[in-house]
Amino acid sequence: MSLGSRIKSLRKAQNLTQQKLADRVEVSRIYVQALESNRRLPSMKLLQRLAPALEVEVTDLLMDLSAPDKPGRVQLESMLDSGELEIWYRSKKLSDNELRRVYRIIEAALDDWDEEDAAGK
């Protein structure tokens, strides 16, 4: 997964618009868009502002998730949405419709957990 894809996925996970992230890290929305589309690479100073804005460590942004020997955080949402990977389950490649169904199931489970947390369970 590319750095731009990770930034976009983490931004969406925080329910941030490109503009809100741009405001937090003091750059333009166009610059965030360029980062997410891999047209620009952030400086180390910007990475140090992006990481806390996205509630991760700088190493989480820079980690090569394609390397199997490196532990780290995987953003399942970006894996399902990016189209960069084929998703397989039980020797079957999942179609786009099946991936959307998996995504809806995960969203429903997360909503249920949020409701349980809110109810104090």
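Residues numbered from 1 in each chain as written. Predicted model: local features only at pLDDT ≥ 70, side-chain atom pairs only at ≥ 80, totals over all residues. Heavy atoms only, no water.

### Focus: the packing of helix 2 (residues 18–25) against helix 4 (residues 44–53)
Rule in force here: Here an angle of 0 to 180 degrees is reported between the N-to-C directions of two axes, which are lines fitted to C-alpha atoms, with helices fitted over the stretch in contact. Helix numbering and strand numbering both begin at the N terminus, where a helix is a DSSP run of H or I of at least 4 residues and a strand a DSSP run of E of at least 2. Throughout, the term roughly parallel applies to angles under 35 degrees, roughly antiparallel to angles over 145, roughly perpendicular to angles from 65 to 115, and oblique to all others. Handedness of each helix crossing follows the sense of rotation of the near helix against the far helix: counterclockwise by less than a right angle gives left-handed, clockwise gives right-handed. By definition in these notes, contact holds between two residues if any of their heavy atoms fall within 4.5 Å. Residues are grouped as follows: Ala, Val, Leu, Ile, Met, Phe, Trp, Tyr, Cys and Pro are nonpolar; Asp, Glu, Lys and Arg are charged; all remaining types, including Gly, are polar.
Packing of helix 2 against helix 4 brings their axes to within 9 Å, and their N-to-C directions diverge by 125°. Looking at the two axes, helix 2 sits oblique to helix 4. Helix 4 is crossed by helix 2, and the crossing has right-handed handedness. Along the contact surface, helix 2 presents L21, R24 and V25, while helix 4 presents L46, R49, L50 and A53. Taken together, the residues of the contact of helix 2 with helix 4 sort by class into five nonpolar, no polar and two charged.

### A short note on the nonpolar core
Formally: The nonpolar core is taken to be a set of buried Ala, Val, Leu, Ile, Met, Phe, Trp, Tyr and Cys residues, with the residues joined through side-chain atoms within 4.5 Å. Three labels apply to residues, based on accessible area from a 1.4 Å probe with only protein chains included: buried if under 20% of the type maximum, exposed if over 50%, partly exposed otherwise in between.
By size, the foremost hydrophobic cluster in this structure holds 19 residues, and its most contacted members are I7, L21, L50, L54 and L61. Of all the elements, helix 4 adds the most residues to this core, at five residues. Among residues more than four places away in sequence, those in contact with L61 are L3, R6, I7, L10, L47, L50, A51, L54 and V56.

### Considerations on helix 4
Worth spelling out the cut-off: Regarding the arc, it is the one traced by the directions from the helix axis to the C-beta atoms.
Of all the residues in helix 4, the buried ones are L46, L47, L50, A51 and A53. Down the axis of helix 4, the buried side of the element spans an arc of 165°, and every buried residue falls inside it. The exposed set on the far side of helix 4, more than 90 degrees from its buried face, consists of K45 and P52. The inward-facing, buried residues of helix 4 abut helix 1 (3–13), helix 2, helix 3 (29–36) and helix 5 (58–62). Two residues or fewer after helix 4 comes E55, characterised by a positive phi angle close to 60°.

### Some remarks on the confidence of the model for the protein
Low pLDDT means the predicted coordinates in that region are not meant to be read closely. Put simply, the test is: Values of pLDDT, ranging from 0 to 100, describe the predictor's confidence in every residue of the model.
Confidence along the protein averages 82 in pLDDT terms, with 80% of residues attaining 70 or more. Mean pLDDT across the elements of the protein bottoms out in helix 6 (residues 76–82) (63) and peaks in helix 2 (96). Here residues 65–70 is a poorly scored stretch, pLDDT under 50, and it has four contacts once near neighbours within four places are set aside; other chains count.

### Observations regarding the packing of helix 2 against helix 3
Running from N to C, helix 2 and helix 3 cross one another at 105°; their axes reach a closest spacing of 8 Å. The orientation of helix 2 relative to helix 3 falls into the category roughly perpendicular. Each of Q18, Q19, L21 and A22 in helix 2 lies in contact with helix 3, whose residues at this interface are R29, V32, Q33 and E36. Looking at side-chain class alone, the contact of helix 2 with helix 3 contains three nonpolar, three polar and two charged residues.

### Re the environment of R11
The condition is simple: Counting of polar contacts relies on pairs of N or O atoms within 3.5 Å, with two restrictions inside protein: one atom must be capable of donating a hydrogen and the other of accepting it, and residues adjacent in sequence are counted only when both atoms are side-chain atoms.
Relative to the helices and strands, R11 resides in helix 1. In sequence terms R11 and L21 are ten residues apart; their C-alpha atoms lie 7.2 Å from each other. The contacts of R11, once residues within four sequence positions are left out, are L16, T17, Q18, L21, E36 and L54. Here the side chain of R11 touches L16 through a polar contact of 2.8 Å, landing on its backbone oxygen. For R11, the side chain forms a polar contact with the side chain of E36, separated by 2.5 Å.

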